[in-house]
Amino acid sequence: MGSITAGEDAPLDPDFNTQVVVVGTGPAGGSLAAFLGSHGIQGIVIGMTSTTAETPRAHITNMAALECLRDIGLEEDCRELASPKESMMHTRWGYSMAGEEYARLYAWGNGPALEAKYKEVSPCDPIDLPQTRLEPILIRKAATSGFITRFNTEFLRFQDDVAKCQVDVIVRDTVFGTIHRIRCRYLFGADGARSRIIQQLDLPLRQNPGGGLAWNVLVKADLSKYIAHRQGNLHWCYQHDVSHPDFAWIGFPRMVKPWHEWVFIMFPVPGYKADIPPTQEHWMKRIKQIIGDDSVDVEILNVSKWLVNNIWAEKYAKGNVFCLGDAVHRHPPANGLGSNTCVQDAFNLAWKVAYVLKGLAGPELLDSYEQERQPVGANIVSRAFQGFLDHLPLWKSAGILEPSAEERVSAFAELSVNSAVGKQRRQDFIKAIKGTRYEFQGLGIEMNQRYRSGAVYQADQGDEPPLMGDPILDHTRSTYPGARLPHAWLNRAVPGQRISTIDLAGNGGFTVLTGIGGERWKEAAAQVSKALDIPLAAYSIGFRQDWEDVYFHWESVREIEEDGCLLVRPDRFIAWRSLQMVDDPASALLKVLRQILHRGQV
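- If you look the chain up in an unreviewed UniProt entry, it shows as FAD-binding domain-containing protein from Exophiala oligosperma.

### What to know about the sheet that holds strand β15 (residues 213–220)
Then step 1. With mixed pairing, the seven strands of this open sheet are ordered in space as β7-β6-β16-β17-β18-β15-β19. Pairing within the sheet leaves two strands with one partner each, and these edge strands are β7 (101–106) and β19 (299–307). Within the sheet, the average angular offset between the axes of one strand and its neighbour, ignoring direction, is 20°.

### Notes on the sheet that holds strand β27 (residues 536–540)
The pairing of strands in a sheet happens through backbone hydrogen bonds and is either parallel or antiparallel.
Then step 1. Strand order in the open sheet formed by four strands is β27-β26-β28-β29, with mixed pairing between adjacent strands. The open sheet terminates on both sides in strands that have one partner only, identified here as β27 and β29 (574–578). Each adjacent strand pair in this sheet contributes to an overall mean axis angle of 15°, direction not counted.
Then step 2. Pairing between strand β28 (residues 565–568) and β29: four bridges, direction antiparallel. Bridge pairing links Val568 to Ile574 in β29.

### Quick look at helix α16 (residues 519–532)
Then step 1. With 14 residues, α16 extends 20 Å from end C-alpha to end C-alpha; this agrees with the ideal 20 Å at 1.5 Å per step.
Then step 2. Among the residues of α16, those classed as buried are Trp521, Lys522, Ala524, Ala525, Val528, Ser529 and Leu532. On an axial view of α16, the arc spanned by its buried residues comes to 160°, and they lie on one face.
Then step 3. On its buried face, α16 sits against β26 (510–514), β27, β28, β29 and α18 (585–597).
Then step 4. Note on α16: the residue one or two positions beyond its end, Asp533, has a positive phi of about 60°.

### Some points on the domain arrangement of the chain
Then step 1. What the domain assignment lists for the chain is domain 1 (16–82 + 129–206 + 311–383) and domain 2 (483–597).
Then step 2. Just the C-alpha atoms count here: the centres of domain 1 and domain 2 sit 30 Å apart.
Then step 3. Across the boundary between the two partners, domain 1 contributes 17 residues, which contact 20 residues of domain 2.
Then step 4. Taken over both partners, the interface formed by domain 1 and domain 2 buries close to 1400 Å², and the fraction arising from carbon and sulfur atoms is 49%.
Then step 5. When residues of domain 1 are sorted by the area they lose upon contact with domain 2, Asp71, Trp351 and Tyr355 head the list and together hold 38% of the total.
Then step 6. Viewed at the interface, domain 2 and domain 1 are joined by four salt bridges.
Then step 7. In this structure, Asp503 and Arg70 form a salt bridge, with 2.8 Å as the shortest nitrogen-oxygen distance.
Then step 8. Of all elements in the fold, only α2 (63–71) and α8 (338–357) reach the threshold of two or more residues within the side of domain 1 that touches domain 2.
Then step 9. Here the element with the most residues in the side of domain 1 that touches domain 2 is α8; it accounts for six residues.
Then step 10. Class assignment for the residues of the side of domain 1 that touches domain 2 results in eight nonpolar, four polar and five charged.

Reading the values: rules and limits
Residues numbered from 1 in each chain as written. Predicted model: local features only at pLDDT ≥ 70, side-chain atom pairs only at ≥ 80, totals over all residues. Heavy atoms only, no water. Pairing = 2+ DSSP bridges. Helix = DSSP H or I, 4+ residues; strand = E, 2+ residues; numbered from the N terminus. Axes fitted to C-alpha atoms, helices over the stretch in contact; angles between N-to-C directions. Expected span 1.5 Å × (residues − 1). Buried < 20%, exposed > 50% of the residue type's maximum accessible area, 1.4 Å probe, protein only. Arc of directions from axis to C-beta. Contact = heavy atoms within 4.5 Å. Domains from an automatic or database assignment. Buried area = accessible area lost by both parts, 1.4 Å probe. Salt bridge = Lys/Arg side-chain N within 4 Å of Asp/Glu carboxyl O. Nonpolar A, V, L, I, M, F, W, Y, C, P; charged D, E, K, R; others polar.

Here it is in C-alpha cells:
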C-alpha cells in the first residue's frame, strides 16, 4: 500500500522496512546513526527541520566524546572544522570586551597544570566545535554507512508490537503532506527536550526547579583586536554602572568562530516575562554595551530563547523503543556536557544494538543501556545545574546583585578598598572565582563514568575502588570492570608511529590485553572468538611484546599482573579482568562473555 495524504489514517502495511529508525538529526541521533552504520546496521534517520542545526548551541567537544568519534574515524574531521583548544584558553570576567578585566581562569585543558592532567588521560584534546559544524559530520558519516537521512519528516507516533519484536513508526512528509509507515526492529528517540517519543512512552521524568529563561543572540562582529591579550571563548561582562534592561540583565559573549562570530548569552532579571520580545534595536544597544566599542560593526543573525532546565528521565527505554540525548537529560550548558553526553549515550547503545541484531547477543544485553547511562544522565544534569548556581556567589561578591546602579558601583568599589570590609569582599570574590573551576576544569565529571550492569562482570572482583581526589575535577584511572580503559602511549621495539591503548580496543569488537606470560590468554581469545563467532582481538603489552610500554605508563595503570588479562568491550570500557593467569583461560573468558552477551551454551 502506498503513501496517503495527511488527515487520513496511516497505511496498514509498511511503506518501508528497515532494521532501525532514529528520530532526530542532532548530536544524539546523528552520532547513533553513524555508530550503528559503522557496525553494518541499516536504518533511517528522520528530522523535522529542513537541515541540520542553524544555530551553534552546544560547542565544547570533550575528550570522552572525541574518543567515541575517533573510533569511527571522525576525530580528524571534527578537528579540521573546530577551533583549536588554545582558542578556549581562558574563561574571563570583565567590564566589557574592550574594557577592564576582573579575573580569569584557565579552562578546558589549557594552562600548564591542566594541560598535563588532560594529556595524561586521553590521546584527544578538547576542541570547540559548534553544533552547526558537528551535525553535518555525523549525518554525512551515517549516510555513507548505510543510513538513509530524511529531513522535513515529522514523527507522529509509533506502535510497538513487543510480541512480534517490531515497531511501526508513523511519520509525515511535511513537503508533500503524505503519511508513511516505517517498520523496524528498534526505534530510537533522539528528538530533544520536547521529545514526542518520551511523551508517548510516558517515561517518568524527574522535573526539578529550573533557572528560568535565557536568550542566545547570534551575531557577526569582528572582535579580533581585543583578543590578543584576552584569549578565551567565554567572556562574562559585569557592568555595575549600567541600568541594564530586564530582558538582558547579565550575560557573556561566547566565541563561535574566532574571532568574528559570537553568541551573546543573556539572562533576564528573575521573574521576567517575555510577553513582548525585545526588538533588534534593543538587542543592538545591549550588545554594543557589552562589546564596549560603538565603532564595531555588528550584524544580528539570530535570536532564540531557551529554558535553564534541570530534568532527567528515570527510565530510558520501554519495549523496543529507546531514548537518548536531550530527550532524557536536560540541563544548562555549564560544563559543556550536553552534546558530549549525547554522543556517549549513542556509543554505549550502538554496539549493543548491533550485537543483538547480528545475533551475537541476546536482547537482554540492551537492558544494560539504561542501567549504565541513566545514572550518568542524572549526574551530569545535577552537575550542570550546580555549575549554573556556582555563579551566584560570584555575582554577590562582585556586587552585581544590588538593585540599583549606584549600589552596584558602591559594592564593587569595595574590592579596591584597604579595609576589613574590602578584604572580606576580595576573599569572597577570589573564592567564588575558584568555585567556577568545577565548570571549566571538570575533567572528572567528563571522564569518571563507572558502569554497573549486566554487561560488566564484577562477581569475582571484590569491592570497587573509590574515586581519588575530587570526583568533579580529577579523573581516576582504573581497570576495575565498569571503568573506561586507561590511555597510555605505546610503540614498537623499533619505534614507529605511537599508538594509544584505546586504539587497540574498539572498532566494533572485544579486546583482550595481557603481557609477558599471558600468551595463553591470546590463544584463549582466538578459541572464544571462534566459539561465539564474535570479533575478539588480543594483544600483549610489555618488553619485546606486540606493543612496548615505552614510558612505563601502562605498567602504572593496568592494575593486573603481567600475565593477567583485561577484557575490553567494544565501547572501550572494561568488561572483566583477571589479575593473573588462571588454570583454564579459555573457559574463564567463555564464561564471562556468555554472561555479558546473554548467550547460552554453545
